[in-house]
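Structural overview for review
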Amino acid sequence: MSSFETISASPTDRKAATRVQILQSALMCFSEKGFYQTTMDDIVARSGLSKGALYWHFKSKQELFIALVEWFILQMAEQMDHAWTDDMSAADKIRAMVEVTLAGSEQMVPFVKIFLDFWAQTPEDEQLQHIFAGIIEEYETKLEEIINEGVANGEFQPVKNPCNLSLAMFGMLDALFLYYTLLGDKVDMHGSARAAVDVMLAGLTCKE
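Rules used throughout
- Residues numbered from 1 in each chain as written.
- Predicted model: local features only at pLDDT ≥ 70, side-chain atom pairs only at ≥ 80, totals over all residues.
- Heavy atoms only, no water.
- Helix = DSSP H or I, 4+ residues; strand = E, 2+ residues; numbered from the N terminus.
- Buried < 20%, exposed > 50% of the residue type's maximum accessible area, 1.4 Å probe, protein only.
- Contact = heavy atoms within 4.5 Å.
- Areas by Shrake-Rupley, 256 points an atom, 1.4 Å probe, with all protein chains shown as cover.
- Salt bridge = Lys/Arg side-chain N within 4 Å of Asp/Glu carboxyl O.
- Phe/Tyr/Trp six-rings, centres within 6.5 Å; stacked < 30°, edge-to-face > 60°.
- Lys NZ or Arg CZ within 6 Å of the ring centre and 35° of its normal.
- pLDDT = per-residue confidence, 0-100.
- Core = buried A, V, L, I, M, F, W, Y, C linked by side-chain atoms within 4.5 Å.
- Expected span 1.5 Å × (residues − 1).
- Axes fitted to C-alpha atoms, helices over the stretch in contact; angles between N-to-C directions.
- Left-handed = near helix turned anticlockwise from the far one by under 90°.

Examining the overall build of the chain
Regarding its fold elements, the chain presents 9 helices and 0 strands. Start at the N end of the chain and walk to the C end: the helices and strands fall as α-α-α-α-α-α-α-α-α. Expressed as a percentage of its 208 residues, the buried residues of the chain come to 41%. Taking the contacts inside the chain whose residues are at least 6 apart along the sequence as the reference set, 67% of them involve residues at least 24 apart. As presented, the chain carries roughly 11200 Å² of accessible surface, and 54% of it is formed by carbon and sulfur atoms.

A closer look at the pattern of salt bridges
According to the stated counting rule, one finds 7 salt bridges in the structure shown. Between Lys-93 and Glu-149 there is a salt bridge, with the nearest N and O atoms lying 3.0 Å from each other. Residue Lys-93 is located in helix H5 (residues 90-103), and its partner Glu-149 is located in helix H7 (residues 126-152); the two are separated by 56 residues in the primary sequence. Assessed through its relative accessible area of 5%, Lys-93 is described here as buried. Three or more residues are tied together by salt bridges with common partners; here these are Asp-92, Arg-95 and Asp-198.

Quick notes on the packing of aromatic side chains
Enumeration according to the criterion identifies 5 aromatic pairs in this entry. Judged by centre distance (5.3 Å) and plane angle (45°), the rings of Phe-30 and Phe-35 are tilted. We note that Phe-30, like Phe-35, is buried. A ring pair is formed by Phe-35 and Phe-65, whose centres lie 5.3 Å apart and whose planes are at 65°; its orientation type is edge-to-face. Taken together, the residues span a long stretch of sequence, with Phe-35 in the loop between helix H1 (14-33) and helix H2 (40-47) and Phe-65 in helix H4 (residues 61-81) at a distance of 30 residues. A single burial state applies to Phe-35 and to Phe-65, both of which are buried. The cationic tip of Lys-61 hangs over the ring face of Phe-35; the distance from NZ or CZ to the ring centre is 4.7 Å.

Points about the confidence of the model for the chain
Residues at a pLDDT of 70 or more form 88% of the chain, whose mean pLDDT is 82. Model confidence for the chain, summarised as mean pLDDT per element, is weakest for helix H6 (residues 105-121) at 70 and strongest for H2 at 94. Across residues 1-11 the pLDDT falls below 50, and counting only partners more than four positions away or on other chains, this stretch makes 24 contacts in the model.

Looking at the nonpolar core
By size, the foremost hydrophobic cluster in this structure holds 59 residues, and its most contacted members are Ile-43, Phe-65 and Ile-94. Contributions of two or more residues to this core are made by H1, H2, H4, H5, H6, H7, helix H8 (162-183) and helix H9 (189-205). The residues touching Ile-43, leaving out its near neighbours within four places in the chain, are Ile-22, Ser-25, Ala-26, Cys-29, Phe-30, Thr-38, Leu-54 and Leu-64.

Comments concerning H8
Relative to the 32 Å expected for 22 residues at 1.5 Å per residue, H8 spans 32 Å between its end C-alpha atoms, a close match to the ideal helical length. Immediately beyond the C-terminal end of H8, within one or two residues, lies Gly-184, with a positive phi of roughly 65°.

Let's talk about the packing of H4 against H5
Relative to each other, H4 and H5 sit at 145°, their axes nearing to 10 Å. Like other packed secondary-structure pairs, H4 and H5 cross with a definite hand, here right-handed. When H4 is examined against H5, the residues Met-76, Gln-79 and Met-80 are found in contact with a partner set consisting of Met-97, Val-100 and Thr-101.

Here's the deal with the environment of Ile-147
Assignment of secondary structure puts Ile-147 in helix H7. The spatial distance from the C-alpha of Ile-147 to the C-alpha of Ala-91 is 8.4 Å, given a sequence separation of 56 residues. Among residues more than four places away in sequence, those in contact with Ile-147 are Ile-94, Phe-156, Val-159, Pro-162, Leu-165 and Ser-166.

Things to note about the environment of Ala-67
Among the secondary structure elements, Ala-67 is positioned in helix H4. The exposure class assigned to Ala-67 is buried, which follows from its relative accessible area of 6%. For the pair formed by Ala-67 and Arg-19, sequence separation is 48 residues and the distance between their alpha carbons is 9.9 Å. Among all residues touching Ala-67, those that are not within four sequence positions of it are Arg-19, Leu-23 and Phe-58.

Following this line, the structure appears as structure tokens:
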């Protein structure tokens, strides 16, 4: 999973480069101080840009936060699109999907911290709810397609409700990211996720 430090903008596209610079700075500030403790002045100071440049791109701290969330979703979607090849088995596609998600664990920690802080103060933010509903739906859809593919080609046994299975898997990964964020290396997130996927795949491939 790529991080902000690996993002580059074209030298001729100063607006895009400035936007990336602001997002980098906001992520660091939010991660260190929390969403509500961070001020726009903190982000200006970290970025080295003028206050005018910051407000030209983002009118408020919440707008900036939403941009960070949308960026992360985009990165995850791009990584997921290249997680597997068509000739892979359905089981290997599921494992590849999980590995891509796990590969972003270090980058996920700052985001999870920000999400927790934001949600603690704004639990009913409709825009954020809409964005996260989209994340869940996209993940579910991709996984459901793979499960249905495995059932169709005889690799998996019939599944009564692939959507429920997809949501359970997404929830498992989501919970592990949360535990890892709160407890750090006390949680073997990679080992736990792979063990859970192995159990799920064993059940899918078990023939009566």
